[in-house]
Amino acid sequence: MELPPVALEGSVRSMLRSFWGVDVADKRLVGDLLLGRRQHTGTVLYVTSGSGGVGKSTSSRRLCERAAAMGVSSLLVDANPLQSSQRNFFGGRSLLDVRTISDWTPGDERAQHGANQGRRFGVAYDLTFAPETGQSVPWSRYADFIMAARRLWQFVVVDLDRISPVDLDDTGTAAGALVTPSVVSGDLVLVPVKLGMQTQRDAMNLLAAFPRHGLPNECVGVKEVLPIGMEEHAPYDYAPYGTYLGAERQSVEAERRIEQCASNWADMNLDPVRERVLAWALPDRGFDPARYMPKERRKGLWGRKRK
Ligand SMILES: Nc1ncnc2c1ncn2[C@@H]1O[C@H](COP(=O)(O)OP(=O)(O)O)[C@@H](O)[C@H]1O
Ligand SMILES: [Mg+2]
């Protein structure tokens, strides 16, 4: 049946909403059809921000932990070669003979050649480490690797460094080589916005540059990060740039655990937002943000239902 012009003019998202009344962020199927990909490919989520130290690497690990626990095969790619955060987290210099992105050669369909089984590190997701110090890998290699990896894993989380708005069309940077082309074609990016004068300004500058580069707001997830001691506030309006997924709170307890290289602890300051991020990125995989709502609100909802 021919589509009416109004459907062709709008976004995929608005078409789905007006025809079927559903809201989806998942454009993989459409991408698969348009690009003639015969195999169903995994979801790719980039994690980046406008400033450092906002919890990107910690969040990336926790997202993989939860996704893997829910039966979604997941790969965490450490794409921050300057800091090698995941390498440091999982053992630093003592990590000999682990596979890094430089162990994978372009053209090799078997992305497992650039990945390590999580079992070896006591986690349920797999890991691709950044190259060893002194080795460098062009961003185009990361792009090719991610393309191969998404055929093997259902969820690929790419832990990036901070990026700048001016780099969004510079293909020599992670922003221009990975984030812009991928998200324009329907992959997802998660941007933590840490509240505070400077960090918030950096984040808003980055978010505001997205529409200019064609990044659709349904593919941009925004979560707020409240620094230790900061009070809750009315959320800003991120709708022009992204999909708001809630506010997580940093805590002294979490900071201590991260310092001890712990992970996967239950954290009511972080887990509700994580669940919303996953329900947004991986719809229909059983993630249930309502389960993580604070008790009072949950009771209220159940109370209403019973009446
Ligand atoms: N939930 C949290 N609560 C408290 N401190 C946190 C939390 N998440 C991150 N941090 C602090 O921020 C530091 C940087 O975290 P990280 O995830 O590496 O950020 P990024 O990848 O954005 O640079 C951590 O070492 C820790 O001190
Ligand atoms: Mg990091």
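No experiment lies behind these values; they were computed from the predicted model shown.

Student: Account for the pattern of salt bridges, naming residues and giving values.
Tutor: Inspection of every chain in the model, using the stated rule, returns nine salt bridges. For Arg110, the salt bridge is made with Asp108, and the minimal N-O distance between the two is 3.4 Å. Judged by relative accessible area, Arg110 falls into the partly exposed class, the value being 49%. Exposure remark for Asp108: the relative accessible area of 13% places this residue in the buried category. Glu253 is the partner of Arg257 in a salt bridge, and the nearest nitrogen-oxygen pair spans 2.9 Å. Here Arg257 and its partner Glu253 are both found in helix H9 (residues 252–259), four residues apart, which amounts to about one turn of the helix. Exposure remark for Arg257: the relative accessible area of 28% places this residue in the partly exposed category. Taking relative accessible area as the criterion, Glu253 reaches 38% and is therefore assigned partly exposed. Connected through shared salt-bridge partners, Arg62, Asp271 and Arg274 make up one network.

Student: I'd like a rundown of helix H8 (residues 197–212), residues and numbers included.
Tutor: The end-to-end C-alpha distance of H8, which contains 16 residues, comes to 24 Å, matching closely the 22 Å that a straight helix rising 1.5 Å per residue would cover. Of the residues one or two after H8, Gly214 is the one with positive phi, at around 85°.

Student: Describe the environment of Leu207, and please don't skip the residues or the numbers.
Tutor: As for its position among the elements, Leu207 is in helix H8. Relative accessible area serves as the criterion here: at 0%, Leu207 is assigned to the buried category. On a C-alpha basis, the gap between Leu207 and Val220 in space is 8.7 Å, while along the polypeptide they are 13 residues apart. Leaving out residues up to four positions away in the same chain, Leu207 has contacts with Val191, Val193, Val220, Val222, Tyr238 and Tyr241.

Student: Give me the pairing of strand S1 (residues 43–47): which residues, what numbers.
Tutor: For S1, the buried fraction is high: five of the five residues fall into the buried class. What you see with S1 is no split at all: Thr43, Leu45 and Val47 on one side and Val44 and Tyr46 on the other are buried throughout. Judged from the five bridges that link them, S1 and strand S4 (residues 155–160) form a sheet pairing that is parallel. From the neighbouring strand, Val47 faces S4, where its bridge partner is Asp159. Pairing of S1 with strand S5 (residues 188–194) involves three bridges; the strand directions are parallel. Bridge pairing in S5 links Val47 to Leu190.

Student: Mind laying out the packing of helix H4 (residues 56–69) against helix H10 (residues 271–281), listing which residues take part and the relevant values?
Tutor: Packing of H4 against H10 leaves a shortest axis separation of 10 Å and a crossing angle of 70°. Between H4 and H10, the interaxial angle falls into the category roughly perpendicular. When the axes of H4 and H10 are compared, the crossing they make is right-handed. Contacts from Arg62, Leu63, Glu65, Arg66 and Ala67 of H4 reach H10 at Asp271, Arg274, Glu275, Val277 and Leu278. In the contact of H4 with H10, the residues fall into four nonpolar, no polar and six charged.

Student: With reference to specific residues and values, describe the environment of Val44.
Tutor: In this fold, Val44 is placed in strand S1. Here Val44 falls in the buried class, since its relative accessible area comes to 1%. Distance in space between the C-alpha atoms of Val44 and Met147 is 9.2 Å, their sequence separation being 103 residues. Once residues within four sequence positions are removed from consideration, Val44 is found in contact with Ile146, Arg150, Val156, Val158, Asp187 and Leu188.

Student: Report on the packing of aromatic side chains, specifying residues and quantitative values.
Tutor: Here the structure, examined in full by the defined rule, presents eight aromatic pairs. Ring centres 5.5 Å apart and planes at 70° place the aromatic pair Trp104 and Phe145 in the edge-to-face group. Here the residue Trp104 occupies a position in the loop between helix H5 (85–89) and strand S3 (126–128), and Phe145 occupies one in helix H6 (residues 139–149), the gap between them amounting to 41 residues. Here Trp104 matches Phe145 in class, with each residue buried. Of the aromatic side chains, those joined through ring pairs into one cluster are Phe89, Phe90, Phe121 and Phe129. One cation-aromatic arrangement involves Arg61 over Phe89; the distance from NZ or CZ to the ring centre is 3.5 Å. Above the face of the Trp265 ring, Arg62 is positioned so that its terminal group lies 4.5 Å from the ring centre.

Conventions adopted
- Residues numbered from 1 in each chain as written.
- Chains lettered and ligands numbered in written order.
- Predicted model: local features only at pLDDT ≥ 70, side-chain atom pairs only at ≥ 80, totals over all residues.
- Heavy atoms only, no water.
- Salt bridge = Lys/Arg side-chain N within 4 Å of Asp/Glu carboxyl O.
- Buried < 20%, exposed > 50% of the residue type's maximum accessible area, 1.4 Å probe, protein only.
- Helix = DSSP H or I, 4+ residues; strand = E, 2+ residues; numbered from the N terminus.
- Expected span 1.5 Å × (residues − 1).
- Contact = heavy atoms within 4.5 Å.
- Pairing = 2+ DSSP bridges.
- Axes fitted to C-alpha atoms, helices over the stretch in contact; angles between N-to-C directions.
- Parallel < 35°, antiparallel > 145°, perpendicular 65-115°, else oblique.
- Left-handed = near helix turned anticlockwise from the far one by under 90°.
- Nonpolar A, V, L, I, M, F, W, Y, C, P; charged D, E, K, R; others polar.
- Phe/Tyr/Trp six-rings, centres within 6.5 Å; stacked < 30°, edge-to-face > 60°.
- Lys NZ or Arg CZ within 6 Å of the ring centre and 35° of its normal.

In short, the description is geometric, and any link to function would need to be established separately.
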